[in-house]
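Residue-level structural notes
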Amino acid sequence: MIRILFFAGLAETIGRREAYLAYPGPVDVAGVWVQVVGTPRPDRLRCARNQAHCDFGTAVHDGDEVAFFPPVTGG
Amino acid sequence: MERVELRTAPFDPYADLRRFQRSRGLDRGACGATAVFVGSMRDFNEGEAVAELFLEHYPGMTERCLEEIVAGTLDDTGAEDARVVHRVGPILPGEDIVLVAAFSAHRAEAFAACRAIIEALKRDAPFWKREKGPAGERWVSCNTGDR
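Report follows, based on the coordinates. All values reported here derive from a predicted model rather than from experimental measurement. (Residues numbered from 1 in each chain as written. Chains lettered and ligands numbered in written order. Predicted model: local features only at pLDDT ≥ 70, side-chain atom pairs only at ≥ 80, totals over all residues.)

**Here we look at the overall build of chain A**
Along the backbone of chain A there are two helices and seven strands. In sequence order, chain A lays out its α and β elements as β-α-β-β-α-β-β-β-β. Rg of the C-alpha trace for chain A: 11 Å, near the compact-globule value of 11 Å for 75 residues, within the 12% margin. The buried share of chain A, reckoned over its 75 residues, is 27%. Across chain A, the fraction of contacts at a sequence separation of at least 24, relative to all contacts at a separation of at least 6, is 50%. (Helix = DSSP H or I, 4+ residues; strand = E, 2+ residues; numbered from the N terminus. Rg over C-alpha atoms; globule rule 2.2 N^0.38 Å. Buried ≥ 20, exposed ≤ 12 C-beta atoms within 10 Å, placed from the backbone. Contact = placed C-beta atoms within 7 Å.)

**Focus on the nonpolar core**
With 51 residues, the main nonpolar core has Ala-82, Val-84, Ala-102, Ala-113, Cys-114 and Ile-117 of chain B as its most contacted residues. Non-local contacts of Val-84 of chain B, meaning those with residues more than four positions away in its chain, are made with Arg-3, Val-4, Leu-66, Val-70, Leu-99, Val-100 and Ile-117 of chain B. (Core = buried A, V, L, I, M, F, W, Y, C linked by C-beta atoms within 7 Å.)

**Looking at the sheet that holds strand E10 (residues 136-139) of chain B**
Sheet strands pair via backbone hydrogen bonds, and the direction of the pair is either parallel or antiparallel. Residues and elements named next belong to chain B. Taken in spatial order, the four strands line up as E7-E5-E9-E10 in an open sheet, and their pairing is antiparallel. Edge positions in the sheet fall to strand E7 (89-91) and E10, since each of these pairs with one other strand and no more. For this sheet, the mean angle separating the axes of adjacent strands, direction not counted, is 25°. Examined bridge by bridge, strand E5 (residues 52-57) and E7 share three bridges and lie antiparallel to one another. From the neighbouring strand, Leu-55 faces E7, where its bridge partner is Gly-89. (Pairing = 2+ DSSP bridges. Axes fitted to C-alpha atoms, helices over the stretch in contact; angles between N-to-C directions.)

**Here we look at the pairing of strand E6 (residues 81-87) of chain B**
Residue and element names in this part refer to chain B. Here E6 lies mainly inside the structure; seven of its seven residues are buried. Neither face of E6 is open: one carries Asp-81, Arg-83, Val-85 and Arg-87, the other Ala-82, Val-84 and His-86, and all of them are buried. Where strand E1 (residues 4-7) lies against E6, four bridges are found, and the strand directions are parallel. Bridging from a neighbouring strand, Leu-6 pairs with His-86 of E6. In terms of strand pairing, E6 meets strand E8 (residues 96-104) through six bridges, oriented antiparallel. Its bridge partner being in E8, Arg-83 is matched across the sheet by Ala-101.

**A few points about the interface of chain A and chain B**
Counting residues at the interface gives 14 residues for chain A, matched by 21 residues for chain B. Elements with a minimum of two residues in the side of chain A that touches chain B: helix H1 (8-14) and strand E7 (65-69) of chain A. Taken together, the residues of the side of chain A that touches chain B sort by class into eight nonpolar, six polar and no charged. (Nonpolar A, V, L, I, M, F, W, Y, C, P; charged D, E, K, R; others polar.)

**A short note on the sheet that holds E6 of chain B**
All names here are of chain B. Read across the sheet, four strands follow the order E1-E6-E8-E2 without closing on themselves; strand pairing throughout is mixed. Pairing within the sheet leaves two strands with one partner each, and these edge strands are E1 and strand E2 (33-40). Pairwise comparison of adjacent strand axes, ignoring direction, gives a mean angle of 10° for this sheet. Packed onto the sheet, helix H2 (residues 61-77) meets E1 and E6 and runs at close to 145° relative to E1.

**Details of the environment of Ile-69 of chain B**
Residues and elements named next belong to chain B. The residue Ile-69 is located in helix H2 in this model. Judged by C-beta crowding, with 23 C-beta atoms within 10 Å, Ile-69 ranks as buried. Along the sequence, Ile-69 and Val-38 sit 31 residues apart, while their C-alpha atoms lie 17 Å from each other. Not counting residues within four places of it along the chain, the set of residues in contact with Ile-69 comprises Ile-117, Ala-120, Leu-121, Asp-124 and Ala-125.

**Notes on the pairing of strand E1 (residues 2-6) of chain A**
Residues and elements named next belong to chain A. Taking every second residue as pointing to the same face, the buried face of E1 carries Ile-2, Ile-4 and Phe-6, while none of Arg-3 and Leu-5 on the other face is buried. Pairing of E1 with strand E2 (residues 18-21) involves four bridges; the strand directions are antiparallel. Across the sheet, Ile-4 pairs through a bridge with Ala-19, a residue of E2. Bridge count between E1 and E7: four bridges; the pairing is parallel. For Leu-5, the partnering residue across the bridge sits in E7 and is Ala-67.

Following this line, the structure appears as structure tokens:
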């Protein structure tokens, strides 16, 4: 199982903050987005795997946590 | 005290700084320089009044990201130690949002570390601001370069 989290305006846009995906076999972060959300990725979308920033080409494994979020605005 | 802390209520950055110095033994003579950045909430943004702010974060990743930024910066600059406190949740104008302090034997390393930490925090730390103003609520879309 892969746990997927969405944050901030992105969570509001797609209407959920969390989702689960049965591990589909070899998949990257971009593939997780396609299978869970399905719409084109927003401009400037960022992602993390297991709570570390990553690229959309990063491999995702069974049991991983993947997060999608807009550009950060802290500080 | 740990180097990184998230707070859900208003805090006094200057009192925090003193407590941190004492708890880490930074007030015993090894550090001649303390560089401090305090970011506070404005009552305006992009030409519009802002009455309240809500700061969302990614529990777990936010703390980890800040700890990595601090550790990496201390390695890069040679500064002795650093403190980061950041608010989450609802925030009102005038309240302090973030404290970054860097401690070093001399000022160059302290200034460099303080600047590097706040810039990396603004670029990478998973926080998101939602502003409430006369026209309703909106998510802040991006951080200003290095202003």
